[in-house]
Amino acid sequence: MTTMKAAVFEKAQLPWTIRDVEIPEPGSTDVLIKIRASGICGTDVHITRGHFPVSPPLIPGHEPVGEVVKTGSAVTHLRPGDRVGVPWHQRNCGRCEWCHRGKPQFCSSVQATGVTVNGGDAEYMVAPADRCMLLPDNITYEQAAPIFCAGFTVYSGLKIAHPAPGERIAVLGIGGLGHLGIQFAKALGFTTIAITGTEDKAPLARELGADDVVVAADDIGKTLMEHGGADVILATTNSGRHMSQAILGLRPDGRMVVMGVADSPIEVAAHDLLGMRRHLIGSSQNNREDLFEALQLVAQGKVKVMEEVYPFDRIHEAYRRVEEGKVRFRSVVTFE
Ligand SMILES: [Zn+2]
Ligand SMILES: [Zn+2]
């Protein structure tokens, strides 16, 4: 067998086509992975709508996990049968200031899974062996896939805020990122506060581990402050207005970590930042260590991804539901 089924992005605004394409051959430092699960993310919608400068044809999918079936001649640390996932960042230039500082996420020529190189929405994909991460034994492929983007993003955002023991972590937005944020904060032992616009999400937030739920569709910061305020806010919503309001719920030295792409600018008056010494921090996926730790917490059963799972032949339906905002948390396609 030399061909595989793949979802292919061919032109902006058009649905992905399902095609038989050549199974890629791993280079000397690559592995060939038989994909077992691949998550669909909001970023896939941006790619498909043409908001990202990608060159079609492209196989999307930047939350891929599967089994190594073939290794390049120079690969020594991975072997067939290994369960691995591939994060967003693959190769980087290796020559710029940021690569040399050990912060390759800031390299301007990063190759990104499912964006600049083919991703996981296919039966097989190749990836550099040294970028693959081994999966812990006690994690299913379906649970592992969304950790490679959504889980990594949220957990990285939590870590970059450097929460101290006893601090209060609020999670703004209870969706694909936020439901993980609540669980990660709780798993690390912090007092965790969920912020939601509607009362009907409160029971779920408590089930996920929130110690307190702030229900506010407006004046979010003021309401949060009435509940005691937060030292860290994980802003996972896509509402710029909600983020702007929430800043006012930060206690002195509080940090808001922005990790959701917002629909409008974040607005804050200078005097609302300076007196209380509040910080506004942008974050996406930071250290590889964060991905490792996030996977461990899922494998230990402390964090569970809430997801819809579809077989690969229903990938259009899975994608459409993400595009239409009908997926409440995460969506994953699986392969036999
Ligand atoms: Zn993503
Ligand atoms: Zn570089």
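How each quantity is defined
In this numbering scheme, every chain counts its residues from 1 along its sequence in written order. Following the order in which they are written, the chains are lettered starting with A and the ligands numbered starting with 1. Local features are withheld for residues below a pLDDT of 70 in this predicted model, meaning they are given only at 70 or higher, and side-chain atom pairs are given and counted only at 80 or more; totals for whole chains, interfaces and linings count all residues. Here the side-chain values reflect all heavy atoms present in the structure, with hydrogen atoms and water set aside. Buried means the residue's accessible area, taken with a 1.4 Å probe over protein chains only, is under 20% of the maximum for its type, while exposed means over 50%, and partly exposed covers the values in between. Every helix listed is a DSSP run of H or I at least four residues long, and every strand listed is a run of E at least two residues long, numbered separately from the N terminus. Pairs of strands are assigned from DSSP output, requiring at least two bridges between the strands. When the strands point away from the viewer, a crossover counts as right-handed if the route from the first strand across the helix to the second turns clockwise. Here the term donor refers to an N, O or S atom within 2.8 Å of the metal (or 3.2 Å for Na, K and Ca), and because water is left out of the atoms, sites may appear incomplete. Sites are called tetrahedral only when four donors show all angles between 85 and 135 degrees, square planar or octahedral only when four or six donors show opposite pairs over 155 degrees and all other angles between 65 and 115, and irregular in any remaining case. Cavities and pockets are found on a 1 Å grid laid over the protein atoms alone: a cavity is a set of points where a 1.4 Å probe fits but cannot escape, a pocket is an open set with protein on both sides within 12 Å along at least five of seven lines, and a lining residue has an atom within 4 Å of such a point. Grid points are joined across faces, edges and corners, and a volume is the space filled by probe spheres set on the points. Note on residue classes: Ala, Val, Leu, Ile, Met, Phe, Trp, Tyr, Cys and Pro are nonpolar, Asp, Glu, Lys and Arg are charged, and everything else, Gly too, is polar. Each domain span listed reflects an automatic or database assignment of domains. For every element, the axis is a line fit to its C-alpha atoms; helices are fit only across the contacting stretch, and the angle between N-to-C directions ranges from 0 to 180 degrees. The length a helix should cover is 1.5 Å for every residue beyond the first. A contact between two residues is defined here by any heavy atoms of the two lying within 4.5 Å. Accessible area that two parts lose when put together, evaluated with a 1.4 Å probe and summed over both, is termed the buried area. What makes a salt bridge here is a side-chain nitrogen of Lys or Arg within 4 Å of a carboxyl oxygen of Asp or Glu, nothing more. The nonpolar core is taken to be a set of buried Ala, Val, Leu, Ile, Met, Phe, Trp, Tyr and Cys residues, with the residues joined through side-chain atoms within 4.5 Å.

*Asks:* I would appreciate a short explanation of the pairing of strand E11 (residues 230–235) in the present structure.
*Replies:* Most of E11 sits out of view: six of its six residues are buried. Where strand E8 (residues 168–172) and E11 come together, four bridges link them in parallel fashion. Bridging across to E11, alanine 170 finds its partner in isoleucine 233. Alignment of E11 against strand E12 (residues 250–258), held across five bridges, turns out to be parallel. When the bridges of E12 are listed, leucine 234 appears paired with valine 257. After leaving E11, the chain enters helix H8 (residues 240–246) and then returns to the sheet as E12, a path that is right-handed.

*Asks:* What is the right way to read the coordination of the zinc ion (ligand 2) from this model?
*Replies:* When four donors bind a metal tetrahedrally, each ideal donor-metal-donor angle is 109.5 degrees, and when six bind octahedrally, the ideal angles are 90 or 180 degrees. Surrounding the zinc ion (ligand 2) are the protein donor atoms Cys93 (SG), Cys96 (SG), Cys99 (SG) and Cys107 (SG), which sit 2.3 to 2.4 Å from the metal. Around the zinc ion (ligand 2), the four donor atoms are arranged such that angles at the metal cover 104 to 117 degrees; this shape is classified as tetrahedral. In the primary sequence, the donor residues of the zinc ion (ligand 2) line up as C-x2-C-x2-C-x7-C. Judged by relative accessible area, which is 34%, cysteine 93 ranks as partly exposed. Residue class for cysteine 96 comes out partly exposed when judged on its relative accessible area of 22%.

*Asks:* I keep staring at the layout of surface pockets and nothing clicks. Help me out?
*Replies:* Over the atoms, a rolled probe matching the size of one water molecule traces out where space is still vacant. As a volume, the largest pocket reaches approximately 1500 Å³. Around the largest pocket, the lining is made up of 49 residues, and of these Gly42, Leu177, Thr236, Asn238 and Val261 lie nearest the centre. Residue contributions to the lining of the largest pocket peak at four residues, all from helix H1 (residues 42–48). In terms of residue class, the lining of the largest pocket is built from 19 nonpolar, 23 polar and seven charged. There are two domains that each give the lining of the largest pocket at least three residues, and those are domain 1 (3–146 + 304–334) and domain 2 (152–282). Approximately 220 Å³ is the volume attributed to the second largest pocket. In terms of lining residues, the second largest pocket is bounded by 16 residues, among which His89, Pro104, Arg131, Asn286 and Arg288 are the most central. A breakdown of the residues in the lining of the second largest pocket according to their chemical character gives six nonpolar, eight polar and two charged.

*Asks:* Help me understand the sheet that holds strand E9 (residues 191–196) in this model?
*Replies:* In any sheet, the strands associate via hydrogen bonds between backbone groups, in a parallel or an antiparallel arrangement. Here six strands make up an open sheet; going across it, the order is E10-E9-E8-E11-E12-E13 and the pairing parallel. The open sheet terminates on both sides in strands that have one partner only, identified here as strand E10 (212–215) and strand E13 (279–282). Within the sheet, the average angular offset between the axes of one strand and its neighbour, ignoring direction, is 20 degrees.

*Asks:* Looking at this structure, how should I read helix H10 (residues 288–299)?
*Replies:* Residues that lie three or four places apart on an α-helix share one face, since the helix turns once every 3.6 residues. Taking 1.5 Å of rise per residue, the 12 residues of H10 would be expected to cover 16 Å, and the 17 Å separating its terminal C-alpha atoms lies within 8% of that figure. All of the buried residues along H10 are Asp290, Leu291, Ala294, Leu295, Leu297, Val298 and Ala299. Glycine 301, located one to two residues past H10, shows a positive phi value of around 80 degrees.

*Asks:* Just to check I follow, could you spell out the domain arrangement of the chain for this structure?
*Replies:* A common way to express how large an interface is: the accessible area buried when the components associate. Along its sequence, the chain is organised into domain 1 (3–146 + 304–334) and domain 2 (152–282). Centre-to-centre separation of domain 1 and domain 2, based on C-alpha positions: 29 Å. The partner domain 2 presents 10 residues to the seven residues of domain 1 that form the contact. Counting the surface domain 1 buries against domain 2, the share from its top three residues, Met306, Arg328 and Phe329, is 55%.

*Asks:* Please explain the pattern of salt bridges as it appears in this structure.
*Replies:* If charged atoms from side chains of opposite charge come close, those side chains can pair. Under the criterion given, the structure shown has 19 salt bridges. Glutamate 97 is the partner of arginine 101 in a salt bridge, and the nearest nitrogen-oxygen pair spans 2.7 Å. Its relative accessible area of 53% is what places arginine 101 among the exposed residues. We classify glutamate 97 as partly exposed; its relative accessible area is 44%. The salt bridge involving glutamate 167 is made with arginine 255; its shortest N-O contact spans 2.8 Å.

*Asks:* In this structure, what is going on with the nonpolar core? I would like to understand it.
*Replies:* Soluble globular proteins: nonpolar side chains tend toward being buried together. Within the largest apolar cluster, 46 residues are counted, with the highest numbers of intra-cluster contacts made by Val65, Leu135, Ile182, Phe184, Leu234 and Leu295. Taken together, the elements giving at least two residues each to this core come down to helix H3 (141–144), helix H4 (150–160), E8, helix H5 (178–187), helix H6 (202–207), E11 and H10. Of all the elements, H10 adds the most residues to this core, at six residues. In terms of domain composition, this core takes at least three residues from each of domain 1 (3–146 + 304–334) and domain 2 (152–282). If near-sequence neighbours (up to four positions away) are discounted, leucine 234 is found in contact with Gly157, Leu158, Ile169, Ala170, Val171, Leu172, Gly181, Val257 and Met259.

*Asks:* Can you walk me through the coordination of the zinc ion (ligand 1) in this structure?
*Replies:* Listed as protein donors to the zinc ion (ligand 1) are Cys41 (SG), His62 (NE2) and Cys149 (SG); their distances from the metal cover 2.0 to 2.2 Å. The motif formed by the donor residues of the zinc ion (ligand 1), counted along the single chain, is C-x20-H-x86-C. Taken together, the positions of cysteine 41 in the loop between strand E3 (30–40) and H1 and cysteine 149 in the loop between H3 and H4 put the pair 108 residues apart, joining distant regions of the chain. Cysteine 149 matches cysteine 41 in its accessibility class, with the two residues each being buried.

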